[in-house]
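Commentary on secondary and tertiary structure
Below are the chains, spelled out letter by letter.
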Amino acid sequence: MMRRMKTLSCLLLAGLGLNAMAADLQVQVRTAGGKPAADVVVMLMPAAQGAAQGAAQVPAAATATVDIVQKGNRFEPYVSAVPAGTQVRFVNRDRYDHHVRSLGSGPMGAVPPAKSFELRLGPVQAGDKAIGSVVFDTPGSITLGCHIHGSMRGHLFVTTTPWVAVTDDQGQARFTGLPDGAAEMRLWHPDQLTGQAAQTLTLSGQGPVQASAQLSFNPPRRPTPRAKGEYEF
Ligand SMILES: [Cu+2]
């Protein structure tokens, strides 16, 4: 009976074509202590990602321009993740200058940034001068800082895979349209000292897939800028 059902579902999927072979995935990430872990970059590397599946399955977000906003001496979002080749716009929404620059990441900032850059951004009233763009071609991590405001910190992670998401305050990341089959899942967090364990998931378009993952450590609180709220409008 099971075998017959399996054969039937395979035939049904084959009849529906490639569009049906897409899985939705929700990942719940927790800290080592079991609390929801925000700001975690979740990467999916489907085994079926090769040329046979075609570029049609690459999520639209992979080709979009991504914004990282400077507001109230914060980078928003605090952690961003983009596939290599993405253009990122840095948008200053404060009434004063920011001088955004790349810094090393990892323990003591010893890991050189995947891309070095500096952007002098005018206040929001300066129109175009409040926006700067950088294309990030090389996978890796970049800590974001500001020459003028030393306490400003943010993080950008550039991935080899187009399937990437950052966990929200509930520690959840969501994906849609993943190719069916095996996929390797990897995690990255700006405060990790060592790499996080990878795991293999089995994705299926026949229903939403839930997965859980755990960091090997308890991240410190997300840093808040010294001038919190002081200059916001
Ligand atoms: Cu600044």
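Residues numbered from 1 in each chain as written. Predicted model: local features only at pLDDT ≥ 70, side-chain atom pairs only at ≥ 80, totals over all residues. Heavy atoms only, no water.

1. Quick notes on the coordination of the copper ion
Of the protein atoms, only H98 (ND1), C146 (SG) and H149 (ND1) coordinate the copper ion, at distances of 2.0 to 2.1 Å. Written as a sequence motif, the donor arrangement for the copper ion is H-x47-C-x2-H. In this pair, H98 sits in strand β7 (residues 98-103) while C146 sits in strand β10 (residues 140-146), placing the two residues 48 residues apart along the sequence. Of the two residues examined, H98 and C146, each falls in the buried class. (Donors = N, O, S within 2.8 Å, 3.2 Å for Na, K, Ca; no water. Helix = DSSP H or I, 4+ residues; strand = E, 2+ residues; numbered from the N terminus. Buried < 20%, exposed > 50% of the residue type's maximum accessible area, 1.4 Å probe, protein only.)

2. A short note on the side chain of Q172
Assignment of secondary structure puts Q172 in strand β13 (residues 172-179). Looking at Q172, its side chain comes within polar contact range of the side chain of Q26, at 3.3 Å. In this structure the side chain of Q172 is engaged in a polar contact, spanning 3.0 Å, whose partner is the side chain of Q28. Ignoring anything within four residues of it in the chain, the contact list for Q172 reads Q26, V27, Q28, V166 and T167. (Polar contact = N/O pair within 3.5 Å; in protein donor to acceptor, adjacent residues only side chain to side chain. Contact = heavy atoms within 4.5 Å.)

3. Considerations on the pairing of strand β3 (residues 66-71)
Sheet topology places β3 next to strand β6 (residues 86-92); five bridges connect them, and they run parallel. The residue of β6 that forms the bridge with V66 is V88. Across three bridges, the pairing between β3 and strand β4 (residues 74-76) is antiparallel. The residue of β4 that forms the bridge with Q70 is F75. (Pairing = 2+ DSSP bridges.)

4. Quick look at the sheet that holds strand β8 (residues 118-121)
Think of a sheet as strands paired side by side through backbone hydrogen bonds, with each pair either parallel or antiparallel. Strand order in the open sheet made by the five strands is β5-β11-β10-β7-β8, with mixed pairing throughout. Each edge of the sheet is formed by a strand with only one pairing partner; in this case those strands are β5 (79-83) and β8. Each strand of the sheet is rotated relative to its neighbour by a mean of 20°, with strand direction disregarded. Here β7 pairs with β10 via four bridges, running antiparallel. Bridged to L103 within β10 is T143. (Axes fitted to C-alpha atoms, helices over the stretch in contact; angles between N-to-C directions.)

5. Details of the packing of aromatic side chains
Under the criterion given, the structure shown has four aromatic pairs. Each ring, one from F90 and one from F117, has its centre 5.3 Å from the other, and the planes form 35°; the classification is tilted. Taken as a pair, F90 in strand β6 and F117 in the loop between β7 and β8 lie far apart in primary sequence, 27 residues in all. Just as F90 is buried, F117 falls in that class too. With a centroid separation of 5.6 Å and 80° between ring planes, the pair formed by F117 and F136 is classed as edge-to-face. Of this pair, F117 sits in the loop between β7 and β8 while F136 is found in strand β9 (residues 131-136), placing the two residues 19 residues apart along the sequence. Neither F117 nor F136 differs from the other in exposure class; each is buried. Grouped by ring-pair contacts, the aromatic residues F90, F117 and F136 constitute a single cluster. (Phe/Tyr/Trp six-rings, centres within 6.5 Å; stacked < 30°, edge-to-face > 60°.)

6. What about the pattern of salt bridges?
All chains considered together, the criterion is met by six salt bridges. Put simply, R222 and D39 hold a salt bridge, and the shortest N to O gap is 2.9 Å. With R222 in the segment after β16 (209-214) and D39 in the loop between β1 (22-30) and β2 (41-46), the pair connects residues that are 183 residues apart, well separated along the chain. A cluster of three or more residues bridged by salt bridges with shared partners is formed by D39, D169 and R222. (Salt bridge = Lys/Arg side-chain N within 4 Å of Asp/Glu carboxyl O.)

7. Some thoughts on the confidence of the model for the chain
When pLDDT is averaged across the chain, the result is 85; 81% of the residues are at 70 or more. Low confidence marks residues 51-56, where pLDDT is under 50. Its contacts with residues over four positions away, or in another chain, come to three contacts. Low pLDDT (under 50) marks residues 228-233, which in the prediction has 11 contacts with non-local residues, meaning those over four places away or in another chain. (pLDDT = per-residue confidence, 0-100.)

8. Some points on the sheet that holds strand β12 (residues 164-166)
The strand order across the open sheet built from four strands is β12-β2-β14-β15, with neighbouring strands paired in antiparallel fashion. Of all the strands in the sheet, just β12 and β15 (199-203) have a single pairing partner and so form its edges. On average, each strand axis in the sheet is tilted by 30° relative to the strand beside it, whichever way the strands run. Summarising the sheet, strand β14 (residues 181-188) and β15 pair through five bridges and their orientation is antiparallel. Residue pairing for β15: A182 is matched across the bridge by T202.

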